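Architecture and fold: a report
Chain by chain, the residues:
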Amino acid sequence: MPDHPMLTPAVAATTDDVLAVPVTAAEPLASVLRTLRLERLEEDHYSGVSLSQLNGRIYGGQVLAQGIVAAGDTLVVDDDGTRQLHSVHGYFLRPGKLDLPITFAVERLHDGRSFSTRRTHALQQGRPILSMISSWQEDQPGRDHAETAPEAPDPETLTSAIELFDSVDHPVAKFMSSIAAFDIRHVGQSVYMRPTAERTDTQMLWVRARTPLPDGVTQLQHRALLAYACDQVMLEPVLRRHGLSWRTKGLSVASLDHSMWWHRPVAVDDWLLFVQHSPSAQGGRGLGIAKVFDRSGDHVATIAQEGMVRVPDDLEASAAVRAEEEWKRPSLR
């Protein structure tokens, strides 16, 4: 495994004990693909490394994508062909540490006539940081319907987040530009720098790999890369609804749980439209929903994520409410 400053130090495996993921020289996508090249330790156990992050914690989309490819490696190809990932449900349990390797332990819960189920734990120092269950299905015929994609401006007409970061003379913006493996283009104003004037719980954006993928990337790896990419935008409708931005002072955001359903083949090296909304936020938690459409308008995936969204004002307001409730409480003496 080639050295690169975006990857934490690790001893590279030099045999076929590494998962087969195509490589590319184009950074930063090359570093993301290398994180998917997990090392096989023993049956159904794998080891992986992490990408550097400014906050010192492992990016949730990374460990989710790694858990997906680990589970996929335990599937047996029979006469009916490869079973494809169609859903994932995961809980983020602890912040991951960048300087420690991640062990992925896969449990083969079920292999039926049409479906297989796997449970994957991502572990550091023997403690789980992610627990997820994935379901896999043979390619089979069935009834078919889907929502149609809404009208949206072409991505070529929109501002890239990478261009936005490059225009800002700040070390955080420069770092974000250097690690951005995906080109994200919001329809309308983004919430990277400042809140939007309108408080809305909806947004649309386009996402595509920043550089072309190498030949040989499998459909499973495309789906894992979608899981990697989506984690960074899922809670933005919550921020919009409450007049927040990623630069809001004291903002604390963390993914709590994440669910994905893949409906049709997906290609992350072509533009994907995210149609997002947030139906609810309460108690420091916000829920984000995304429907994902390909460039031709096909509904390829649906995503749901609940995350912690806190700002200092919430704690002050909570303390004031508790004081008010205490003052109003009738005496029972």
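Refer to the preceding data block for the structure.
Attention in this report is confined to the structure presented alongside it. Note that the coordinates shown come from a computational prediction; the quantities given were computed from them, not determined experimentally. (Residues numbered from 1 in each chain as written. Predicted model: local features only at pLDDT ≥ 70, side-chain atom pairs only at ≥ 80, totals over all residues. Heavy atoms only, no water.)

1. Comments concerning the overall build of the protein
Per the secondary structure count, the protein includes seven helices and twelve strands. Here the protein holds 333 residues, and the buried ones make up 47% of them. Restricting the contact set of the protein to residue pairs at least 6 apart, pairs at least 24 apart contribute 72%. Split by element, the accessible area of the protein, about 17100 Å² in all, is 50% carbon and sulfur. (Helix = DSSP H or I, 4+ residues; strand = E, 2+ residues; numbered from the N terminus. Buried < 20%, exposed > 50% of the residue type's maximum accessible area, 1.4 Å probe, protein only. Contact = heavy atoms within 4.5 Å. Areas by Shrake-Rupley, 256 points an atom, 1.4 Å probe, with all protein chains shown as cover.)

2. Focus on the sheet that holds strand β3 (residues 84-92)
Within the open sheet, the twelve strands sit side by side as β1-β2-β4-β5-β6-β3-β9-β12-β11-β10-β8-β7. Their pairing is antiparallel. A strand with exactly one partner marks an edge of an open sheet, and here the two such strands are β1 (39-42) and β7 (182-186). Strand-to-strand twist across the sheet, computed as the mean angle between neighbouring axes with direction ignored, equals 25°. The sheet contact formed by strand β11 (residues 285-294) and strand β12 (residues 299-310) spans nine bridges and is antiparallel. Paired with G286 across the two strands is G307, which belongs to β12. Of the strands in this sheet, β2 (45-48), β3, β4 (102-111), β5 (115-124), β6 (127-137) and β9 (252-262) are in contact with helix α2 (residues 60-72), which crosses β6 at around 50°. (Pairing = 2+ DSSP bridges. Axes fitted to C-alpha atoms, helices over the stretch in contact; angles between N-to-C directions.)

3. Some details on the environment of P279
Structurally, P279 is set in strand β10 (residues 272-282). For P279 and V238, which are 41 residues apart along the polypeptide, the C-alpha to C-alpha distance reads 8.8 Å. If near-sequence neighbours (up to four positions away) are discounted, P279 is found in contact with L287 and I289.

4. Digging into the pairing of β2
Look at any regular strand and the pattern is simple: side chains alternate between the two faces of the sheet. In this sheet, β2 lies alongside β1 in antiparallel orientation, the contact comprising three bridges. The partner of R40 across the bridge, within β2, is Y46. Once β1 ends, the chain turns through two residues before running back antiparallel as β2, passing D44 with a positive phi of about 65°.

5. A closer look at a nonpolar patch on the surface
Side chains of L54, V172 and M176 sit close together on the surface and give an oily, nonpolar patch of about 250 Å² of accessible area. With respect to the helices, strands and loops of the structure, M176 is situated in helix α4 (residues 171-179). Exposure remark for M176: the relative accessible area of 33% places this residue in the partly exposed category. (Patch = residues over 30% accessible without salt bridge, like charges linked within 9 Å, V, L, I, M, F, W, Y side chains within 5 Å. Salt bridge = Lys/Arg side-chain N within 4 Å of Asp/Glu carboxyl O.)

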